[in-house]
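Results of the structural survey
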Amino acid sequence: MRLPGGGLIDRTAPVGFSFDGRSYRGFKGDTLASALIANDVEIVGRSFKYHRPRGIFTAGSHEPNALVTIGRGSGQEPNARATMVELHEGLQAFGQNAWPNLEFDLLAVNDLVSRFLGAGFYYKTFMWPEKFWEKLYEPLIRRAAGLGQLSPEDTAIKYEKAYAFCDLLVIGGGPAGLMAAWVAAQAGADVVLADEDIRLGGQLNGESYELGGRSAPEWAADMVARLAELENVRLMPRTAVTGAYDQGTYGAFERLAPDVTAREGAPMACFWRIVAKRAILATGALERPVAFQNNDKPGVMLSGAMRTYANRWRVAPARQIAVFCNNLDGHRTAADLQAAGLKVTALVDARPDAKTDLDVPFFAGARVSGVRGGGQVEAITIQGVGFEEKFQTEALAVSGGWNPSVHLSSHMGARPQWDEAISAFLPAPDAIPGMQACGAANGIFSTHAVLKSGAEAAVSALQDLGLKAPDYDVAAAEDSAYDIEPLWVVEGKGRAWLDFQNDVTVKDVRQSAQENFRSVEHMKRYTTQGMAPDQGKNSNINALAVLAGATGESIPDTGTTTYRPPFVPVPIGAMGAGGSGTGFAPQRHTTSHHASLKRKAPMIEAGFWYRPSYFPAKGEKTWRQSCDREVTMVRENLGVCDVSTLGKIDVQGPDAAAFLDFLYTSKMSKLKLGRVRYGLMLREDGFVMDDGTCARLGEQHYLVTTTTAAAGQVMRHFEFAHQCLRPDWDVRFVSATEQWAQFAIAGPRSLELIGDLLGASFDIANWPFMSCGAVSIGDVSARLFRISFSGEMGWELAVPARFGSALFDALVEGAEALGGGPYGMEALNVLRIEKGFITHAEIDGRVTMHDLGMSGMMSPSKDFIGKAMAARPGLVDPQRGQLIGLKAEGSVKQLIAGSHLFAPGAEPVRENSQGYISSVGYSPTLGRMVGLGFLQNGLQRHGEKVRMIEHLSGVSATCEVVPPIQFDPEGGRMRD
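Residues numbered from 1 in each chain as written. Predicted model: local features only at pLDDT ≥ 70, side-chain atom pairs only at ≥ 80, totals over all residues. Heavy atoms only, no water.

1. Digging into helix α20 (residues 750-758)
Test applied: Relative accessibility decides the category of a residue: with a 1.4 Å probe and only protein chains considered, values under 20% of the type maximum give buried, values over 50% give exposed, and everything between is partly exposed. Per the convention used, a helix needs a DSSP run of H or I reaching at least four residues, while a strand needs a run of E reaching at least two, with both numbered from the N terminus. Each direction from the helix axis to a C-beta atom contributes to the arc, which is the arc of those directions. In this description, contact between two residues means that some pair of their heavy atoms is separated by no more than 4.5 Å.
All of the buried residues along α20 are Ser750, Leu753, Ile754 and Leu758. On an axial view of α20, the arc spanned by its buried residues comes to 115 degrees, and they lie on one face. Tucked inside the fold, the buried residues of α20 contact β34 (639-642), β40 (740-746), β41 (772-777), β42 (780-785), β43 (794-800) and α21 (804-817).

2. As for unusual backbone geometry
Following Trp99, the chain continues to Pro100 via a peptide bond in cis, the omega torsion being 5 degrees. As for its placement among the helices and strands, Pro100 is situated in the loop between β7 (91-94) and α2 (109-112). That bond from Pro565 to Pro566 is cis: its omega, 0 degrees, falls within 30 degrees of zero. Turning to its location among the elements, Pro566 is positioned in the loop between α14 (555-558) and α15 (572-575).

3. Concerning the environment of Arg611
With respect to the helices, strands and loops of the structure, Arg611 is situated in strand β33 (residues 609-612). If near-sequence neighbours (up to four positions away) are discounted, Arg611 is found in contact with Pro602, Met603, Ile604, Ala606, Cys641, Asp642, Val643, Thr645, Thr708, Met825 and Leu828.

4. Describing the environment of Arg880
Let me state the cut-off plainly: Polar contacts, as counted here, are pairs of nitrogen or oxygen atoms within 3.5 Å of one another; within protein the pair requires one atom able to donate a hydrogen and one able to accept it, and residues that are adjacent in sequence qualify only if both atoms are side-chain atoms.
Inspection of the secondary structure assignment puts Arg880 in the loop between α23 (867-870) and β45 (881-889). Spatially, the C-alpha atom of Arg880 lies 9.1 Å from that of Val847, the residues being 33 residues apart in sequence. Apart from residues lying up to four places away in sequence, Arg880 is in contact with Phe687, Arg846, Val847, Thr848, Asp851, Gly874, Leu875, Leu935, Gln936 and Asn937. For Arg880, the side chain forms a polar contact with the main-chain oxygen of Arg846, separated by 3.0 Å.

5. Some words on the sheet that holds strand β5 (residues 67-70)
Hydrogen bonds between backbone atoms are what pair the strands of a sheet, whose relative direction is either parallel or antiparallel. The condition that has to hold: In this analysis, strands are considered paired if DSSP registers two or more bridges between them. Axis angles are defined between N-to-C directions and span 0 to 180 degrees, where every axis is a line fitted to C-alpha atoms and, for a helix, only to the segment in contact.
With respect to topology, five strands assemble into an open sheet ordered β2-β1-β7-β5-β6, the strand pairing being mixed. At either end of the open sheet lies a strand with only one pairing partner, and these are β2 (22-28) and β6 (77-81). For this sheet, the mean inter-axis angle between neighbouring strands, taken without regard to orientation, is 40 degrees. As paired strands, strand β1 (residues 10-19) and β7 are joined by three bridges and run parallel to one another. Along β7, the bridge assignment pairs Ser18 with Gln92.

6. Some words on the sheet that holds strand β23 (residues 387-392)
Within the open sheet, the three strands sit side by side as β21-β22-β23. Their pairing is antiparallel. Two strands bound the open sheet, and with one partner strand each, they are β21 (367-372) and β23. Taking the axes of each pair of neighbouring strands and ignoring which way they run, one obtains an average angle of 25 degrees across the sheet.

7. A few points about the packing of helix α11 (residues 506-514) against helix α13 (residues 540-551)
Quick note on the threshold: Each angle receives one of four descriptions, namely roughly parallel if under 35 degrees, roughly antiparallel if over 145, roughly perpendicular if within 65 to 115, and oblique otherwise. Here is the rule for handedness: rotate from the far helix to the near one, and if that takes an anticlockwise turn smaller than a right angle the crossing is left-handed, while a clockwise turn gives right-handed. Residue polarity is assigned by list, with Asp, Glu, Lys and Arg as charged and Ala, Val, Leu, Ile, Met, Phe, Trp, Tyr, Cys and Pro as nonpolar; anything else, Gly included, falls into the polar class.
Packing of α11 against α13 brings their axes to within 9 Å, and their N-to-C directions diverge by 45 degrees. In this view, α11 runs oblique relative to α13, as classed from their interaxial angle. Read as a crossing pair, α11 and α13 show a hand that is right-handed. Contacts between α11 and α13 involve Val506, Val509, Arg510 and Ala513 from the first element and Ala543, Val546, Leu547, Ala550 and Thr551 from the second. Here the contact of α11 with α13 is built from residues that sort into seven nonpolar, one polar and one charged.

8. As for the pairing of strand β36 (residues 676-682)
The buried fraction of β36 is high, at five of seven residues. For β36 and strand β37 (residues 688-698), the ladder comprises seven bridges, and the chain directions are antiparallel. Pairing of Gly679 across the sheet is with Gly692, part of β37. Adjacent in sequence and paired antiparallel, β36 and β37 are bridged by five residues, among which Gly686 carries a positive phi angle near 95 degrees.

9. Focus: the pattern of salt bridges
The condition that has to hold: Put simply, a salt bridge is a Lys or Arg side-chain nitrogen that is within 4 Å of an Asp or Glu carboxyl oxygen.
The final tally for this structure, using the stated rule, is 36 salt bridges. For Arg226, the salt bridge goes to Asp222, with nearest N and O atoms at 3.4 Å. One end of the pair is Arg226 and the other is Asp222, both in helix α6 (residues 216-228) and four residues apart, which spans about a single turn. Residue classification places Asp222 among the partly exposed residues on the basis of a relative accessible area of 28%.

10. Notes on the packing of aromatic side chains
The geometry of an aromatic ring pair is captured by two quantities: the separation of the ring centres and the angle between the planes. We count it as follows: Pairing of aromatic rings covers Phe, Tyr and Trp, the last through its six-membered ring, and needs centres within 6.5 Å; plane angles under 30 degrees mean stacked, over 60 mean edge-to-face, and all others mean tilted.
Within this structure, the stated rule accounts for 19 aromatic pairs. Here the aromatic rings of Phe292 and Phe324 are separated by 5.9 Å at their centres, their planes lie at 65 degrees, and the arrangement is edge-to-face. Residue Phe292 is found in the loop between β16 (285-287) and β17 (300-302), and its partner Phe324 is found in strand β18 (residues 320-325); the two are separated by 32 residues along the sequence. There is no split in this pair, since Phe292 and Phe324 are both buried. Each ring, one from Phe789 and one from Phe837, has its centre 5.7 Å from the other, and the planes form 15 degrees; the classification is stacked.

The following block contains the structure:
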């Protein structure tokens, strides 16, 4: 079915491909759809519900029928639109939703019982018998759901993401978009021109008329070439702008060319975030069908698509074609088909006063009421005033008018507005801030007027950008008026189809109204009209008109369904490009990372960071041996630990103190210069969010530390509190976590190491417990904090990150000379459990200050976030779980984190649980396991016995409830 000569294909470059296991040939420049038409492949898919045969219907991304699976195995991509798949050597495509194959689909039996499967049947049928749902209905629905199938193998398809910034984003590369981009580029604006087609030019690539004395495709190609030469223009073919978002941000999905994707390791597509100061919507218009009997037959195609296939790709679905229209577009198609050597068997125009100069059988004021044929179209029935005739034909081109592509203009909530003159919806003015519509997207259909509209939109955008518009000329082009006679349905016997993929008929929509699903949104869900691939692009306006007729409302009063992003399907893998592996969980390394690896320390994830679990010594075979040694080393000598991962927020400004008072439960404004205070902050609901320290480095300068896990959450909390709750306060803050490397030096001999490192200028008398200040290590400025997370005399020394690696080496070398060394997360955890210090194992979002026994830290003399909600009776109830320590007694000495606590003798079921264990570890210092947990009224139950039960491992143990601090409860070791 390839037509001779011409077109925008390269006949010197044949391309081999396969469809459903059969081999075919096309040419470079073909799409899969045009190549299938050229090879006389009639059936390309099956509909979802009734499995009716489907042929190619459009020439663009709104294709409802030709959904195919590309490839097999790990590179399998389902639900690709054949109209958008670029033909390339070795392409493998397969039909979908059919078994065993497209031509002989056993599931087509559904069509024979379609009278029982009408709209809403599932709502009525699957409610009874009640017990059938779980064992019969749901399994059947799940097996039938979906169109294509994902590969069971791990995908080999790669995607990437990218960002772009520009003065002007032109959405659509047709005549309006090309003209807008040219005018804006001449003014010096930074322009991005994006279009979903392989070739820029839009509908011009499928037309035969002239612009400025040249053919439409030649004019478009020349304009593209001139734009490509400009440094301030980025041309993005194969790129669909998928969504419009706040502050001039647009999502765009770019499919890469086959010669790019064929390279080893190359991605298949890229998802863009484009930020534009201004945007022009030049997305054109989508031709709509007319509903009549059997209008879903293979061989029925949109008029503009039929013309495009004939002109651009030089293919036709048949040699004898009829045309049915209610506007001038059908006449243009008939003329081009006739010029291509095809026989136009009939031109049917629903407008009574329509005329034609073509030498074809012409019927004005008539309508096609039905299609006849087995698989393909064989004949049509034409009805007019006082007559009905059948015409033999092999295909039918249909044009019910054009719908401006308003989808993107509706992505921020604006509703399109009905225009009676064109019988279609237009974008609402100022629907998207900074974006204006032009050309066919704004209801302008003559080529000359479209060019002029694009240029005027560019001039308006340039004025907003503060740039002077250049002089420009608009090429001479066809300038015919758009005359349309609204026609949605041709009444008659048989099923007239609206949504070809979901098998929704005119009868279904009318039934929806009869059963009181009269809202357009209710109708959509009752009938599934416009869902899935269609998304209302082909069927929406016709369905609205049918619903309006059934309810007695006008079309604008009936309204439209909600248009949401994405405009075209986007693989989830593309939206989340880079979000797998380390992209999903980034690896953040401390400055001591390589030094830890050299010491063969296993690394574990802590938040987004990788930290050493323990440092194995020679002869140690288990982690417990290393952990016990490191704990003992800190308790008896000294140890060094990298604590750089703690969140660090630098807070400055006249209102910094008041701001920190507002965030923390304690009064940070009373903190003296050079001192540190421990504090907790609450969420607005009164539960503990995080704990940490606050150091006062200057009169208006504070440094806040957070836990490693909650650093990002706390930073967001700071931002919210400032922007939304206290925007009037003069305070600034910034995350400094990665700018400073910080190391803990803990143990009885830690003072010796600090003294050796800082030299004679260091005076311990000026460094009491919980003090801070600036120090120098040679020529390097540093910060020293006397704080402890181990319960021993402790220090934390911070230097700019670039000195971190060197400082860690020096500290470890000095510690080893004094009999100490580095210690990891396992030992750090044991040390803090012995002292009853909490981490996010305890403050997991469900506990309060009262639960922790820290209600005394809630200042009564000031307000702070969460104060009022924390006082709710339910949050101060003593029967809530309260923080306790635990030690095992009896023959089983094991404690297991996550275990539940029960009264002795109580049945170990959920209703009897009195608490749980949050943290455990073996203490070589105490010679037993130590644990922290929460127990009902736990503060008053010290000395009682409870039963620990861990059902998964079958372990149970008797435990004594003890205070959380099980080592050095007076705290003398860290204060002296």
